[in-house]
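Chains, contacts and geometry: an overview
Chain by chain, the residues:
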Protein chains: 2
Amino acid sequence: MGDAVESAGWSDVEPDAARRLLEGAVEAFAERGYHATTTRDIAGRAGMSPAALYIHYKTKEELLYRISRYGHERAHEILARASAADGPPAERLRQAVHTFSRWHAEHHTTARVVQYEISSLSPEHYEEVLDLRRSIDRLLRGIIEDGVAAGDFSVDDVPGTALAVLSLCVDVARWFNVNGPRTPDEVGALYADLVRRMVGA
Amino acid sequence: MGDAVESAGWSDVEPDAARRLLEGAVEAFAERGYHATTTRDIAGRAGMSPAALYIHYKTKEELLYRISRYGHERAHEILARASAADGPPAERLRQAVHTFSRWHAEHHTTARVVQYEISSLSPEHYEEVLDLRRSIDRLLRGIIEDGVAAGDFSVDDVPGTALAVLSLCVDVARWFNVNGPRTPDEVGALYADLVRRMVGA
DNA sequence: ACGCGAGGTGAGCAAGCGCTTAGCCTCCGG
DNA sequence: CCGGAGGCTAAGCGCTTGCTCACCTCGCGT
């Protein structure tokens, strides 16, 4: 379930060089941050000269925008799938949190860029991405509302709890370490359990 | 209780100009990030010429280091106080989470720099700050261990839960908005309650 | 055989960066 | 009345940045 979402890298990006540049940019932005990354660094990681970048992308910011939009679309997809699934709210929430936090662990380089570099986007791109974030928030809040309405959850502050759950999952991207003791799937299981307790299910 | 910790700004910083520079740096780093902030910007916010910065600080990185260390010391102080307090583990955890998350909301500009710009520190300063983070982690884990040992909490994965709790509180700095619906104290109360549920108290 | 477009390069421009320097005020003890 | 230290600035140095441009090199349809 949802494996297609997980495995998808940037494999569908059109010319090979453009994909390598995107992958290099993700790595570099995640390591150093957007502003500390130079176009020479990105091009270098893709095995090309600095000028080659501008054949495939208009600006350095366009790279960040593509990464940011791609990541938000994946995140949205994960929650939309869990939200629309059959089964009781508790199960839908479990799946949502498990998959969402696992994605942030598994793709923590991409997720780090997606979550912590959005303020470097141009105003228009920033607004566009913010819209996606608002729908992500709405999807999760919807699941919790369903659980409360069904009498399965006991939550005092639904928007606040939804915000906290999202914040918890997103922050996985900041601390997750591949050489750490937990696999992405274990993080997903742990977090799903913690969130189950948070909503009193 | 703990108000002395909260209210403390940078009021104790020695020459007035040096304090204004620090405050300007906090604002600028929080808004734009360390690398996107120029020394001209910092000096401008303090109402001075760019050169004046170098009378009080050796480098731009020294400003980040001072901010980072100050913030981690405050965070450590908050948890140390809650950890050493009298009362059952549940009450100590409540106080720890309440105060800790409230601090991250109240001082979200400082906290944002403290939590999200540490990788821009020099290697030596980074190591020093990392030590402080490890002790902060140990303090929180200690409270949870006490609760488990006393039979008050039911937690399967203690280190994992401690990590999640810390992560949850820290991430407040990222999303907190002064014009939002919640006061820092309300965030503290909400989070203390969510964490109480997480540990099964 | 050959033109042409897509993809790539080396060199380099204008702007902005962190930081330094030379020199100017202002205050204050002797 | 003076001399020098502390606090500050205007100017600017050396370097790096994002990005451009003239040119090159292939693979391919005709």
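Only a predicted model underlies this, so the values are computations on that prediction, with no experimental measurement involved. (Residues numbered from 1 in each chain as written. Chains lettered and ligands numbered in written order. Predicted model: local features only at pLDDT ≥ 70, side-chain atom pairs only at ≥ 80, totals over all residues. Heavy atoms only, no water.)

**Considerations on the pattern of salt bridges**
Selection rule: Whenever Lys or Arg places a side-chain nitrogen within 4 Å of a carboxyl oxygen from Asp or Glu, that contact is recorded as a salt bridge. When a residue's accessible area, from a 1.4 Å probe over protein chains only, is under 20% of the maximum for its type it is buried; when over 50% it is exposed; and in between it is partly exposed.
Here the structure, examined in full by the defined rule, presents 46 salt bridges over all chains. Between Arg32(B) and Asp41(B) there is a salt bridge, with its nearest N and O atoms 3.3 Å apart. Overall, Asp41(B) belongs to the buried group, its relative accessible area being 16%. Overlapping salt bridges, with partners in common, bring together Glu27(A), Glu31(A), Arg32(A), Asp41(A) and Arg45(A) in one network.

**Re the relation of the copies chain A and chain B**
What counts here: The fit set for superposing copies consists of C-alpha atoms from residues with pLDDT of at least 70 in both; the fit itself is least squares. Between two residues, a contact is recorded if the distance between any of their heavy atoms is within 4.5 Å.
When chain A is fitted to chain B, the residual RMSD is 0.0 Å, and the transformation amounts to a turn of 180° plus an axial shift of 0.0 Å. Taken together, the turn and the small shift mark the pair as related by a two-fold rotation axis. Residue Leu168(A), judged by its C-alpha, is the member of chain A lying nearest the rotation axis, at 2.5 Å. Take the interface residues of chain A: 100% of them recur as interface residues in chain B, which is what a same-surface contact looks like.

**Some thoughts on the layout of surface pockets**
Residue and element names in this part refer to chain A. Keep this limit in mind: Lining residues are those with an atom within 4 Å of a point, where the points come from a 1 Å grid over the protein atoms alone and group into cavities, where a 1.4 Å probe fits but cannot get out, or pockets, open sets with protein on both sides within 12 Å along at least five of seven lines. Grid points are joined across faces, edges and corners, and a volume is the space filled by probe spheres set on the points. Per the convention used, a helix needs a DSSP run of H or I reaching at least four residues, while a strand needs a run of E reaching at least two, with both numbered from the N terminus.
Here the second largest pocket defines a volume of roughly 260 Å³. In this structure, the second largest pocket is lined by 13 residues; those nearest its centre are Trp 10, Val 13, Leu 22, Arg 66 and Arg 69. The set of elements that each furnish at least two residues to the lining of the second largest pocket consists of helix 2 (16-32) and helix 5 (60-84). Ranked by the residues each element gives to the lining of the second largest pocket, the list is headed by helix 5, at 4 residues.

**Considering the UniProt feature "DNA-binding region" (unreviewed entry) in chain A**
Put simply, the rule is: UniProt positions are given in the numbering used here, feature names are shortened, and annotations may be inferred rather than shown by experiment.
Cross-referencing UniProt, the feature "DNA-binding region" (unreviewed entry) maps to residues 38-57 of chain A in the present numbering. Note that residues 38-57 of chain A is 55% helix and 0% strand, and that its end C-alpha atoms are spaced 14 Å apart.

**Section: the protein's contact with DNA strand C**
Heads up, the condition is: We call a residue near a molecule or strand whenever a single non-hydrogen atom of that residue lies within 4 Å of it. Pairs of N or O atoms are called polar contacts if they sit within 3.5 Å, as long as, within protein, a hydrogen donor faces a hydrogen acceptor (for residues adjacent in sequence, only side-chain-to-side-chain pairs).
Around DNA strand C, 16 residues are found, and the nearest of them are His56(A), Thr38(B), Thr39(B), Tyr54(B) and Lys60(B). The share of sugar and phosphate among atoms of DNA strand C within 4 Å of the protein is 58%. Contact between DNA strand C and Ser49(A): a phosphate oxygen at 2.9 Å from a main-chain N or O atom of the residue. Within the backbone of Thr37(B), one N or O atom sits 3.1 Å away from a phosphate oxygen of DNA strand C. Elements that contribute at least two residues to the surface near DNA strand C include exactly helix 4 (53-56) of chain A together with helix 3 (39-45) of chain B.

**Focus: the state of the cysteines**
Rules: Counting rule for disulfides: a pair of cysteine sulfur atoms within 2.5 Å.
This model, assessed by the stated rule, comprises 0 disulfides over all chains. Cys169(A) carries a free sulfur, and the closest cysteine sulfur to it, the one in Cys169(B), is 15 Å from it.

**What about the protein's contact with DNA strand D?**
Residues in close proximity to DNA strand D total 16 residues, the closest being Thr38(A), Thr39(A), Tyr54(A), Lys60(A) and Ser49(B). By atom count, sugar and phosphate contribute 52% of the portion of DNA strand D lying within 4 Å of the protein. With respect to DNA strand D, the backbone of Thr39(A) contributes an N or O atom lying 2.9 Å from a phosphate oxygen. Within the side chain of Arg40(A), an N or O atom sits 2.9 Å from a base nitrogen of DNA strand D.

**A short note on empty space enclosed by the protein**
Any empty space left between the atoms is revealed when a probe the size of a water molecule rolls over them. All names here are of chain A. Where we set the bar: Following the grouping adopted for this structure description, the nonpolar residues are Ala, Val, Leu, Ile, Met, Phe, Trp, Tyr, Cys and Pro, the charged ones are Asp, Glu, Lys and Arg, and the polar ones are all others, Gly among them.
Per the stated rule, a full pass over the model turns up 1 cavity of 30 Å³ or more. In this structure, the largest cavity encloses a volume near 30 Å³. Lining the largest cavity, in full, are Ala 90, Leu 93, Arg 94, Val 97, Ala 192, Val 195 and Arg 196. When residues of the lining of the largest cavity are traced back to their parent elements, those giving at least two are helix 6 (89-106) and helix 11 (184-198). If you tally residues by element for the lining of the largest cavity, the top one is helix 6, at 4 residues. Looking at the lining of the largest cavity residue by residue, the classes come out as 5 nonpolar, no polar and 2 charged.

**Side note on the interface of chain A and chain B**
Threshold: In this description, buried area is defined as the sum, over both parts, of the accessible area (probe of 1.4 Å) that is lost when the two are combined.
Across the boundary between the two partners, chain A contributes 30 residues, which contact 30 residues of chain B. It is Arg174(A), Arg197(A) and Met198(A) in chain A that bury the most area against chain B; as a group they hold 24% of the surface buried on that side. Between chain A and chain B we count 2 salt bridges in total. With a shortest N-O distance of 3.3 Å, Asp157(B) and Arg182(A) are connected by a salt bridge. One can count 8 residue pairs in polar contact (both at pLDDT 80 or more) joining chain A with chain B. Elements with a minimum of two residues in the side of chain A that touches chain B: helix 7 (108-116), helix 9 (158-170), helix 10 (172-175) and helix 11 of chain A. A total of 8 residues in the side of chain A that touches chain B trace back to one element, the largest contributor, which is helix 9 of chain A. Taken together, the residues of the side of chain A that touches chain B sort by class into 14 nonpolar, 7 polar and 9 charged.

**Here's the deal with the environment of Ala149(B)**
All names here are of chain B. Counting through the fold element by element, Ala 149 comes out in helix 8 (residues 123-149). A relative accessible area of 71% means that Ala 149 is categorised as exposed. Distance from Ala 149 to Asp 193, taken between C-alpha atoms, is 21 Å for residues 44 residues apart in sequence.

**Here we look at the environment of Asp146(B)**
Residues and elements named next belong to chain B. Along the chain, Asp 146 turns up in helix 8. In sequence terms Asp 146 and Pro 89 are 57 residues apart; their C-alpha atoms lie 6.2 Å from each other. The residues touching Asp 146, leaving out its near neighbours within four places in the chain, are Pro 89 and Arg 92.

**Some remarks on the packing of helix 6 of chain A against helix 11 of chain A**
Residue and element names in this part refer to chain A. To keep things clear, this is the line we draw: Lines fitted to C-alpha atoms define the axes, with helix axes restricted to the stretch in contact, and inter-axis angles between N-to-C directions lie between 0 and 180 degrees. Any angle that falls under 35 degrees is termed roughly parallel, while one over 145 is termed roughly antiparallel, one within 65 to 115 roughly perpendicular, and all others oblique. Left-handed describes a crossing in which the near helix is turned anticlockwise from the far one by less than a right angle; the clockwise case is right-handed.
Contact pair helix 6 / helix 11: the axes reach a minimum separation of 8 Å and the direction vectors enclose 140°. In terms of their interaxial angle, helix 6 and helix 11 are classed as oblique. Read as a crossing pair, helix 6 and helix 11 show a hand that is right-handed. Between helix 6 and helix 11, the residues in contact are Leu 93, Arg 94, Val 97, His 98, Ser 101, Arg 102, Ala 105 and Glu 106 and Pro 184, Asp 185, Val 187, Gly 188, Ala 189, Tyr 191, Ala 192 and Val 195, respectively. Residue composition of the contact of helix 6 with helix 11, by class: 9 nonpolar, 3 polar and 4 charged.

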